[in-house]
Amino acid sequence: MILLAQDFAHLVGFKIIILTDRPWSMEWCTLMQLEKFSIPASVIYYMPEKDYRKAVEFKVEAIKRLLENYDIKGIYDDNEQVRRVIEQQFKIPVYPPFE
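Draft legend 1. Quick peek at the nonpolar core. Counting 14 residues, the largest nonpolar core has Ile63, Ile72, Ile75, Ile86, Phe90 and Ile92 as its most contacted members. When contributions to this core are tallied by element, the ones reaching two or more residues are helix H3 (55-67) and helix H4 (80-90). When residues of this core are assigned to their parent elements, the largest contribution, six residues, is made by H3. Aside from chain neighbours lying at most four places away, what touches Ile86 is Ile63, Ile75, Lys91, Ile92 and Val94.

Structure follows, in structure tokens:
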């Protein structure tokens, strides 16, 4: 399933970019969870170690940087506050995670 999703994303020119407020030291946990739910990723951005900002602050800053190089078509996030702020600030469609 992961290879098919990655192949499709590549074929249509999409990248699946993961923003996580976990630090890089939790990479193994993040990768295991992505695999468990069959979520492919072209790139994963982790919150820097010892960065104690709220997830919404980290993700808003990261999205601002990503928008300099990417046309973001949609965002999935499990945090309602993050979804609300991103939708208001960036006018990008934001969705809750798949159930």
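Draft legend 2. Inspection of the side chain of Arg83 at higher detail. Tracing the sequence through the fold places Arg83 in helix H4. The buried charged residue Arg83 lacks any salt bridge partner; its closest oppositely charged side chain belongs to Glu80, at an N-O distance of 4.6 Å.

Draft legend 3. View of the pattern of salt bridges. With the rule as written, the count across this model stands at six salt bridges. Between Lys73 and Asp71 there is a salt bridge, and its shortest N-O distance comes to 2.8 Å. Here Lys73 and Asp71 have matching classes, each one exposed. A salt bridge links Arg84 to Glu80; its shortest N-O distance comes to 3.6 Å. Of the two residues, Arg84 and Glu80 both sit in helix H4, four residues apart, roughly one turn of that helix.

Draft legend 4. Structural context of unusual backbone geometry. Notably, Ser38 is not glycine yet its phi reads approximately 55°, a positive angle. Residue position: Ser38 is located in the loop between helix H2 (27-36) and strand E2 (43-47). Although it is not a glycine, Lys50 adopts a positive phi angle of roughly 60°. As for its position among the elements, Lys50 is in the loop between E2 and H3.

Draft legend 5. Local environment of the pairing of strand E1 (residues 17-23). The pairing of E1 with E2 spans five bridges and is parallel. By the bridge assignment for E2, Ile18 is matched with Ile44. Each parallel crossover has a hand, and for E1 linked through H2 to E2 it is right-handed.

Draft legend 6. Structural context of the packing of H3 against H4. Packing of H3 against H4 leaves a shortest axis separation of 10 Å and a crossing angle of 35°. Along this stretch, H3 crosses H4, giving a crossing that reads as right-handed. Together, Ala55, Val56, Lys59, Val60, Ile63, Lys64 and Leu67 of H3 and Gln81, Val82, Val85, Ile86, Gln89 and Phe90 of H4 make up the contact between the two elements. Across the contact of H3 with H4, the residue classes break down as nine nonpolar, two polar and two charged.

Calculation criteria
Residues numbered from 1 in each chain as written. Predicted model: local features only at pLDDT ≥ 70, side-chain atom pairs only at ≥ 80, totals over all residues. Heavy atoms only, no water. Core = buried A, V, L, I, M, F, W, Y, C linked by side-chain atoms within 4.5 Å. Buried < 20%, exposed > 50% of the residue type's maximum accessible area, 1.4 Å probe, protein only. Helix = DSSP H or I, 4+ residues; strand = E, 2+ residues; numbered from the N terminus. Contact = heavy atoms within 4.5 Å. Lys, Arg positive; Asp, Glu negative; His and termini not counted. Salt bridge = Lys/Arg side-chain N within 4 Å of Asp/Glu carboxyl O. Pairing = 2+ DSSP bridges. Right-handed = clockwise from strand over helix to strand, strands pointing away. Axes fitted to C-alpha atoms, helices over the stretch in contact; angles between N-to-C directions. Left-handed = near helix turned anticlockwise from the far one by under 90°. Nonpolar A, V, L, I, M, F, W, Y, C, P; charged D, E, K, R; others polar.

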